[in-house]
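Summary of structural features
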Amino acid sequence: MAKDIIFKTFRTKLNGYVYDRHTHSVFALPDAEFEELQRVERGELLPEDSIVIAMLQEQGVLQKNVVTEIKHPSTDYLSHYIAHRLGQLILQVTQQCNLRCGYCCYGGGYTHMRVHANQWMEWETAKRAIDFYLERTDERDTLTISFYGGEPLLAFPLIKQCVSYITEHVEGKEIHFSMTTNGTLLTPEVVDYLYEHHFHLSISLDGTKEDHDVNRKFRSGQGSFDTIMNHIREIKEAHPDFMKDIAIMTTINPKMDLGCAMDYFEANEYLADSRFVYNSVATKGAKETINYDEPSKLLRRYEYLKLLLAHANMLDIECTSALMQSTRAHRMQVYQGLYQHTPLPSVISHGGPCVPGNKRLFVSVDGAFFPCEKVSETSEYFCIGSLDEGIDEEKAARLLNCGQITADECKECWNLRGCMMCMNQVDFEGMPCKADKCKVCADEKFRELSDLREICVLHEFGYDLPQEGDDRT
Amino acid sequence: MKKLTLFPCNADAKILLDYPPAFKDYEITALSDFAEHSARLDAWEKRYGIYADADADRVLERSDALLLCDNIENLRFDKYKRLIEKAAKAKKEILLTPRLARELGELPSVKTNLLYRPYPIGKGLSPQKVYQITVPVIAVMGMGENCDKFETMLIIKDVLEKKGYAPVCLAANSLGPLFGMYSLPLELNSEQLSMEQKVLILNHMVHQLCKESPSDVIVVELPGGIGKIGDKEYNHFSEISLAIAGALSVDVGIMNLYFNDRLTSEDLEQFRLLCRWKYEIEVEAFVLSRQKIEYDDEQLRFEYLHLSDELRKKLLPSYLSSPCPIADIGDKAGVREAIAHLIAILEGNLAAV
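Here the residue numbering is sequential within each chain, running from 1 through the sequence in written order. To read the labels, note that chains go from A and ligands from 1, taken in the order they are written. Predicted model: local features are reported for residues with pLDDT of at least 70 only, side-chain atom pairs are reported and counted for 80 or more only, and whole-chain, interface and lining totals are derived from all residues. Hydrogens and water molecules were not included; the side-chain quantities draw on all heavy atoms of the structure.

1. Quick look at the overall build of chain A
The following threshold applies: A helix here means a DSSP run of H or I that spans at least four residues, while a strand means a run of E at least two residues long, and both kinds are numbered starting from the N terminus. Each residue is placed in one exposure class: buried if its accessible area under a 1.4 Å probe, protein chains only, is under 20% of its type's maximum, exposed if it is over 50%, and partly exposed if it falls in between. We call two residues in contact whenever any of their non-hydrogen atoms come within 4.5 Å of each other. Per-residue accessibility takes into account occlusion by the displayed protein chains alone, with areas from the Shrake-Rupley method and a 1.4 Å probe.
The helix and strand inventory of chain A stands at 14 helices and 15 strands. When its C-alpha atoms are laid out on the principal axes, chain A stretches across 75 × 50 × 45 Å. In chain A, buried positions account for 53% of the 473 residues. Within chain A, contacts between residues at least 6 apart in sequence are counted, and of these 71% link residues at least 24 apart. Carbon together with sulfur atoms contributes 51% to the accessible area of chain A, which is approximately 21300 Å² in total.

Here you go:
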């Protein structure tokens, strides 16, 4: 039987709460009312027989399910985005790398991911990609061009050609260049160039020499730490203000001592001005199971607890770690969504997929188009066109509307509005099916429910939504 | 006739090409734009049959004067400054708006003509008195910036003139003077003046205008938006719109809305109620603009999508019923009909002594 009224109950130590899908709101209920809703949830009481539901409906919540169609609201405007509003252009300048990092997703340890290859983008391909991009960004006042690899600095001459071409052909818009590099090729000549052109740089560094070199090695097997730190010292000496435009990217992996790495970063004078970004090794598609030891898990839980205490005004936010940066941002996003109380429209889709092209356009070495650099380049599902064909709107719309794969489920899912599932999270062969996608649903629901519960606990401790610009964010 | 180059090819320039001003002294003979907009330049050259070139030297060779449109696309000012420098060196006339002049900062030793035409405020008026404006007033209002209010004004002016009326137009858009319109006084933007002072200044200006240049109707553009957009855009709390509504008793209003495929008749009624209670303006027609707005969470601002006529036509809710005429800005006949409805209301008013 179709669900008419969709909600989710949960408890904290102090209160029972109900999440209302229709208004995307959470509110506490007295125990007796909460228990009645739980009975409805368990199917022991019909919604139409519930006095509590009737009372809450009079206040505008727990309304009947209005969703008739699962469709992303940007679908009808996709042609416009593609023609006028392309976002970040990411050029895969090479698939080759001078390192062979143990956890690299291109190292052969992942299904459906390409492997390191001696493939290089030709200048003609890069030029066509740039022209394609410039022709389709007339509504943008800022252009963002990123260079990706492998190790992009192996193709430094091509990068210089691209930068020259773009700066010659752009007069009005701000141009932002960026790159993620393993840091081993940051010679003074390269650094001077990147500095002069205001590149935003991300350098991969996994902590102390021991933590870093256990994974991040040259093809010879030698660790890359010393080379990278020498370059960082040179950057600091030659261009001390450049360090604030450099992010240090750390891949949290089972072989590193995360605590040591964090202490090292904090103490290192050369990295004092840099921003730190922590990501975990990808688990999706990994051929071997990735297991973290207890100290590592404990450290993350400890840092998370500090974040919660900071949100509850029991700890200065400055004492929280960069390790929690993405968690903080996500928490804010969830809370701000709850703050809006906007009623559910009849046509909607879950969040997660970005508008292909509008957010990013990834161009592979041979000119194929993908929505970002994270998806599998070997999957036809993710390919949304090419320089020869342009962006295939049908394929882009299919990616954007991945919610339609589980349309029936989504229409009745309590987590429709909180779900942030992107197809990159889904493991599938060929084309994704409902079963493939549903496997990720449970994770998404667990995540959202945890977030909602924690937000309520924080609220009980007096945590209020910080305004934009508030230090507490 | 002086040969005029327009730069850049943005929505304001498009207005000048789609609704050519009755230039007495100028003829638009060249278009220029930023280098990255070469596709747009080519398209405009084909559409308007006017020479178009991103190269500043080539385009200035072909002109006697340069008209710089406001930087409504929020791009860098480098090329604006370069063009001014080259034009000044080549002794070309340079036309620009007060807003652009302010944004460009000091331009040493460069003579420019400002597109600004306020009506002088009369002398001998009682400084604290709000004079009754006895000429009918039509207000053109909108949800915010870039919702085609100025284009709506141009159509209203044309409809009125074709009906034999002599309208006087007060434009918020800097292009107004090119169409014989008066500019709203810059005092309305002053951070030093109080709301009361702004109301009196505008009221006195219009009172003087009505005395010295008799007209049948006043059409006034309310700049910006009539209210906040959610909690992300304050529209300056509609300060100037409130000042204008305080200065002039508006008889009827037409409201421009951002494009919205989920618009309902309830929304339209809510807009009418807002205008009635906040501004004492009865909105009797709506115009759907080309622009759709979306909030960008990364840039922390609203972005404007300039939708094509075809896309808007495809997405316009067919079920939409409106308490008063509503037309898409691309449907000129529909807009003219909506304006005719406004005029009919005014024509139906009793001419009380």
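2. Re the pairing of strand β12 (residues 283-288) of chain B
Residues and elements named next belong to chain B. So the rule is basically this: DSSP bridges decide pairing: two strands pair if at least two such bridges lie between them.
The buried count for β12 comes to six of six residues, which makes it a mostly enclosed element. In this structure, strand β11 (residues 252-257) lies alongside β12, joined through five bridges in parallel fashion. By the bridge assignment, Ile254 is partnered in β12 with Ala285. Two strands pair when backbone bridges link them, and β12 and strand β15 (residues 326-328) are joined in this way by three bridges, in the parallel orientation. Counted as the bridge partner of Leu288 is Asp328 from β15.

3. Quick notes on the interface of chain B and chain A
Interface extent is often summarised as the accessible area lost during association of the parts. What counts, and what does not: Accessible area, probed at 1.4 Å, shrinks when two parts are joined; the buried area is that loss added up over both. Note on definitions: salt bridges are taken to be side-chain nitrogens of Lys or Arg within 4 Å of carboxyl oxygens of Asp or Glu.
Taken together, the contacts link 31 residues of chain B with 24 residues of chain A. Together, the buried faces of chain B and chain A total about 2300 Å²; carbon and sulfur atoms form 43% of this surface. If you sort the residues of chain B by the area they bury against chain A, Glu36(B), Arg76(B) and Arg262(B) come out on top, with a joint share of 28%. A salt bridge links Arg82(B) to Glu171(A), with the nearest nitrogen and oxygen atoms 2.9 Å apart. Contributing elements (two or more residues each) for the side of chain B that touches chain A: α4 (78-89), β13 (291-296), β14 (301-306) and α10 (309-315) of chain B. At five residues, β14(B) tops the list of elements feeding residues into the side of chain B that touches chain A.

4. What to know about the domain arrangement of chain B
All names here are of chain B. As a reminder of what qualifies: An automatic or database domain assignment is the source of the domain bounds shown. By the criterion applied in these results, polar contacts are pairs of N or O atoms within 3.5 Å in which, for protein atoms, one can donate a hydrogen and the other can accept it, and in which residues neighboring in sequence qualify only through two side-chain atoms. Classes in brief: Ala, Val, Leu, Ile, Met, Phe, Trp, Tyr, Cys and Pro nonpolar; Asp, Glu, Lys and Arg charged; the others, Gly included, polar.
Here chain B is partitioned into domain 1 (2-114) and domain 2 (137-352). Each partner contributes to the interface: domain 1 provides twelve residues, whereas domain 2 provides twelve residues. Interface area for domain 1 against domain 2, summed over the two sides, is near 1100 Å², with a carbon-plus-sulfur share of 68%. Taken as a group, Asp12, Ile15 and Tyr19 account for 43% of the area that domain 1 buries against domain 2, more than any other trio of residues on that side. For the pair domain 1 and domain 2, the interface holds zero salt bridges. Taken together, the connections running from domain 1 to domain 2 amount to three residue pairs in polar contact (both at pLDDT 80 or more). Top contributing element to the side of domain 1 that touches domain 2 by residue count: helix α1 (residues 11-18), with three residues. For the side of domain 1 that touches domain 2, the per-class residue count stands at eight nonpolar, two polar and two charged.

5. Digging into unusual backbone geometry
Glycine aside, the phi torsion of most residues is negative, and most peptide linkages are trans. Omega for the peptide link from Gly149(A) to Gly150(A) comes to 15°, which places this bond in the cis form. In this fold, Gly150(A) is placed in the loop between β6 (142-148) and α5 (156-169). The omega angle of the peptide bond from Phe7(B) to Pro8(B) is -15°, so this bond is cis rather than trans. With respect to the element layout, Pro8(B) can be found in the loop between β1 (2-7) and α1. Notably, Asp148(B) is not glycine yet its phi reads approximately 65°, a positive angle. Take Asp148(B): it is sitting in the loop between β7 (137-142) and α6 (149-162). The backbone of Leu300(B) sits at a positive phi, close to 55°, despite the residue not being glycine. Positionally, Leu300(B) belongs in the loop between β13 and β14. Given a relative accessible area of 48%, Leu300(B) falls into the partly exposed group.

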